[in-house]
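A look at the structure
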There are 2 protein chains.
Amino acid sequence: MRRLTIALSLSLVAGSAAAQTKEAIQLRDMGSFHVGGRLIEITGQPIKEVVFTPGGVPAKMDPNGRYQVEQMYVQYFLPQNRRGKLPLLMWHGGGLTGVTYETKPDGGEGWLSYFIRKGWDTYISDAMERGRSGWTNTLKGDPVFLPFGDPWERFRVGPPGSWNDDAAKRTTYPGTQFPTEAYGQFMKQGVPRWLTTDDQIVAAYIEFVDKVCPCVVMVHSQSGSFGYRVLEARPDKVKALVAVEPTLGGDRNKVASIKSTPILVVYGDNAKDHPRWSKIRQGGVDYTEVLKAAGGSVDVVDLPDVGIKGNSHMVMMDKNSGEVADLIQKWLVGKGLAD
Amino acid sequence: MRRLTIALSLSLVAGSAAAQTKEAIQLRDMGSFHVGGRLIEITGQPIKEVVFTPGGVPAKMDPNGRYQVEQMYVQYFLPQNRRGKLPLLMWHGGGLTGVTYETKPDGGEGWLSYFIRKGWDTYISDAMERGRSGWTNTLKGDPVFLPFGDPWERFRVGPPGSWNDDAAKRTTYPGTQFPTEAYGQFMKQGVPRWLTTDDQIVAAYIEFVDKVCPCVVMVHSQSGSFGYRVLEARPDKVKALVAVEPTLGGDRNKVASIKSTPILVVYGDNAKDHPRWSKIRQGGVDYTEVLKAAGGSVDVVDLPDVGIKGNSHMVMMDKNSGEVADLIQKWLVGKGLAD
């Protein structure tokens, strides 16, 4: 019985049963760094005595002086057998971190491992203010925290009115691919977000792009807006943009400047009919029309139209996420960006 | 010139020049998960309308309901050629995250890669409230933010009075191994910490240990205290404890219960003479004497006494971090925990 428990627990922890059947991931290097940010000056505050550990020795702390703020965390994995021709940067959506692309909430393999296995030098970052980027009390306004049930409807696991605190009474869109049994695990991935910090977030992304690009940038949800802004700022460095369920398009006045960068926009299921997402999607699609009219190269894919059904807003966590990754990989190969 | 710039930037980004000369890291699996935490209930708050993206479509947000709080993030790397007999869990110190063990601030290889290469199933976590674990406004009190110059003296890069805002005027302990040229990069790794949350942090670590252990736990600085508390709670699951510059020992009333777990305590240079660290170190050493008297197995190593000189508090970031890792690895092999 004890042996069985250990075997089961190992399998839950590390997905080892599944992993054993897969090819090893071979990396020529892996690591992390922080990029961007700045030093600011605080003055006129009294010196504090702080006990950092209960029962520990008090330390004097002078809150005056300079503070490091607004940097961004990046972790990278460089496969031994490189087949992507440029680095692939994966940017997450609002209230989340790079964990979005790691192991899926149900324990399945996420897009980070998928694209490493396809031979991409893959860079996962946490947006300025979130996760391992850190944050400071110098950001304006208060951060937002999402209630446990909020994303169920907002991320289109179920239609409006489908959430219920009692899991047995929740409903979903028919055939949803979101792993509803792992919704609680997904909600553990959430982090606070401010609503005033887009400029600092974009500034850090631009420093990141200046450091590691030319590259391919993949964005999701809130970072759709950041992807377009960074592309507009560095059209020579972002060689392709993959926008998964972006919440906004780019600046219609700047379409001419980005027309040489191919763009793929992907929407999941039920986006066209959802009261809020129908507007978001239409805004994004209208923008691509303006971009195309200016000579831009944009492919918009509504997944149900190509036979991939049931996807929520969190496409990379859905049970069929591999099918969508295949579609993206095929598009990138078609653009000559990978073998 | 353009080609030169790209080559240089690649080398800075990914340490590729050094990486090319190293053996590939082969993983049978990698991934992440969150563990622990709980749901809490908030009631009586008004519904808000929030624009998540400037220019975006407003969304209604009901702040009432349940919230996920106090979970912890874990990322794991499982080498193809496993030589550590148990998982190795690496816990970081205060105001920091698991990034502590990743690439060093000067771009050198950190202890995460070192121990993966030695064949350990390696788990890096962010303590509850920090990094990718997320945080909520339900934690008590205000978080602490470290001024830019504060760790220079507190982490023993230089002696008291050695910090200067002007980098040219800063001094260090003679022969310091801390990469002073990368001090700014180190400071980008900082995150806020609360001073009221030890119990929640320990609760999440215990859930983590219950999930993946028996194991070896490595702790640093603030997590020294957490390591002892978790060992006291799960003496059958923590099969060895490596405490690097711990800020506290364990509970003297519980030494008998943990005496079968071997412990290695490591202190860097200048700890004995530093006004604050001399007390911290003495408290830790006094505790190990009590543990030994009860039959416990503890090795205390002051690195200068074994010829490893110049180490700061951030031993794993110092230029000679590999020598200290070798010492730890040798100790673990000596305890029969690795080949």
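Our structure's up above, just so we're on the same page.
Residues numbered from 1 in each chain as written. Chains lettered and ligands numbered in written order. Predicted model: local features only at pLDDT ≥ 70, side-chain atom pairs only at ≥ 80, totals over all residues. Heavy atoms only, no water.

Thoughts on the interface of chain B and chain A
At the junction of the two partners, chain B supplies 94 residues and chain A supplies 94 residues. Taken together, the two surfaces of chain B and chain A that pack against each other cover about 7,800 Å², and 57% of this comes from carbon and sulfur. Counting every contact that joins chain B to chain A gives six salt bridges. Of the charged contacts, one joins Asp-126 of chain B and Arg-132 of chain A as a salt bridge, the two residues approaching to 2.9 Å between their closest N and O atoms. Linking chain B to chain A there are 27 residue pairs in polar contact (both at pLDDT 80 or more). Among the elements that line the side of chain B that touches chain A, the one with the most residues is strand β1 (residues 25-42) of chain B, at 13 residues. Class assignment for the residues of the side of chain B that touches chain A results in 45 nonpolar, 31 polar and 18 charged. Inspection of the sheet shows strand β1 (residues 25-42) of chain A paired to β1 of chain B by three bridges, in the antiparallel sense. Directly across from Ile-25 of chain A, in β1 of chain B, lies its bridge partner Leu-27 of chain B. (Contact = heavy atoms within 4.5 Å. Buried area = accessible area lost by both parts, 1.4 Å probe. Salt bridge = Lys/Arg side-chain N within 4 Å of Asp/Glu carboxyl O. Polar contact = N/O pair within 3.5 Å; in protein donor to acceptor, adjacent residues only side chain to side chain. Helix = DSSP H or I, 4+ residues; strand = E, 2+ residues; numbered from the N terminus. Nonpolar A, V, L, I, M, F, W, Y, C, P; charged D, E, K, R; others polar. Pairing = 2+ DSSP bridges.)

Things to note about helix α7 (residues 222-233) of chain A
A turn of α-helix holds 3.6 residues, and therefore any two residues three or four places apart point the same way. All names here are of chain A. Helix length check: α7 (12 residues) gives 18 Å between terminal C-alpha atoms against 16 Å at 1.5 Å per residue, within 8%. The buried fraction of α7 is high, at 10 of 12 residues. Among the residues of α7, those classed as buried are Gln-222, Ser-223, Gly-224, Ser-225, Phe-226, Gly-227, Tyr-228, Val-230, Leu-231 and Glu-232. Packed against the buried residues of α7 are α6 (198-212), β7 (215-220), β8 (238-244), β9 (263-267) and α8 (277-293). (Expected span 1.5 Å × (residues − 1). Buried < 20%, exposed > 50% of the residue type's maximum accessible area, 1.4 Å probe, protein only.)

Some remarks on the environment of Glu-109 of chain A
Residue and element names in this part refer to chain A. You can see Glu-109 is positioned in the loop between β5 (88-90) and α3 (111-117). The sequence separation of Glu-109 and Gly-322 amounts to 213 residues, and the corresponding C-alpha distance is 8.7 Å. Non-local contacts of Glu-109, meaning those with residues more than four positions away in its chain, are made with Lys-22, Lys-104, Tyr-114, Arg-117 and Ser-321. Side chain to side chain, Glu-109 and Lys-22 meet in a polar contact 3.2 Å long.

Details of the side chain of Ser-125 of chain B
Mapped onto the secondary structure, Ser-125 of chain B falls in strand β6 (residues 122-126). Beyond its immediate stretch of four places on either side in the chain, Ser-125 of chain B contacts Met-72, Tyr-73, Val-74, Met-90, Trp-91, His-92, Gly-98, Tyr-205 and Phe-208 of chain B.

Brief notes about the state of the cysteines
Residue and element names in this part refer to chain B. This structure, assessed with the given rule, holds two disulfides over all chains. With its sulfur 2.2 Å from that of its partner, Cys-213 forms a disulfide with Cys-215. In this structure, the disulfide formed by Cys-213 and Cys-215 twists by about 75° around the S-S bond and is classed as right-handed. (Disulfide = S-S within 2.5 Å.)

Examining the pairing of strand β4 (residues 65-79) of chain B
Each regular strand displays side chains that alternate between the two surfaces of the sheet. All names here are of chain B. Counting buried positions along β4 gives 15 out of 15 residues, so the element sits mostly inside the fold. Here 14 bridges tie β1 to β4, and the two strands are oriented antiparallel to one another. Paired with Leu-27 across the bridge in β4 is Pro-79. The sheet contact formed by β4 and β6 spans five bridges and is antiparallel.

Thoughts on the packing of α6 of chain A against α7 of chain A
All names here are of chain A. Relative orientation of the contacting elements α6 and α7 amounts to 55°, with a least axis distance of 10 Å. The angle between α6 and α7 places the two elements in the oblique class. Classified by chirality, the crossing of α7 by α6 is right-handed. Residues Asp-198, Asp-199, Ile-201, Val-202, Tyr-205, Ile-206 and Val-209 of α6 form the contact with α7, whose participating residues are Gln-222, Phe-226, Arg-229, Val-230 and Ala-233. For the contact of α6 with α7, the per-class residue count stands at eight nonpolar, one polar and three charged. (Axes fitted to C-alpha atoms, helices over the stretch in contact; angles between N-to-C directions. Parallel < 35°, antiparallel > 145°, perpendicular 65-115°, else oblique. Left-handed = near helix turned anticlockwise from the far one by under 90°.)

Regarding the nonpolar core
By size, the foremost hydrophobic cluster in this structure holds 94 residues, and its most contacted members are Trp-111 of chain A together with Trp-111, Phe-115 and Ile-328 of chain B. Within the second largest apolar cluster, 92 residues are counted, among which are Phe-33, Met-128 and Val-238 of chain A together with Phe-33 of chain B. (Core = buried A, V, L, I, M, F, W, Y, C linked by side-chain atoms within 4.5 Å.)

Some details on unusual backbone geometry
For the peptide bond that leads from Cys-213 of chain A to Pro-214 of chain A, omega is 25°, which places it in the cis range. By secondary structure assignment, the location of Pro-214 of chain A is in the loop between α6 and β7. If you check the backbone angles, Arg-156 of chain B has positive phi at about 60° while not being a glycine. Of note, Arg-156 of chain B is situated in the loop between α4 (150-154) and α5 (183-187). Positive phi, close to 65°, is recorded for Asn-270 of chain B, a residue that is not glycine.

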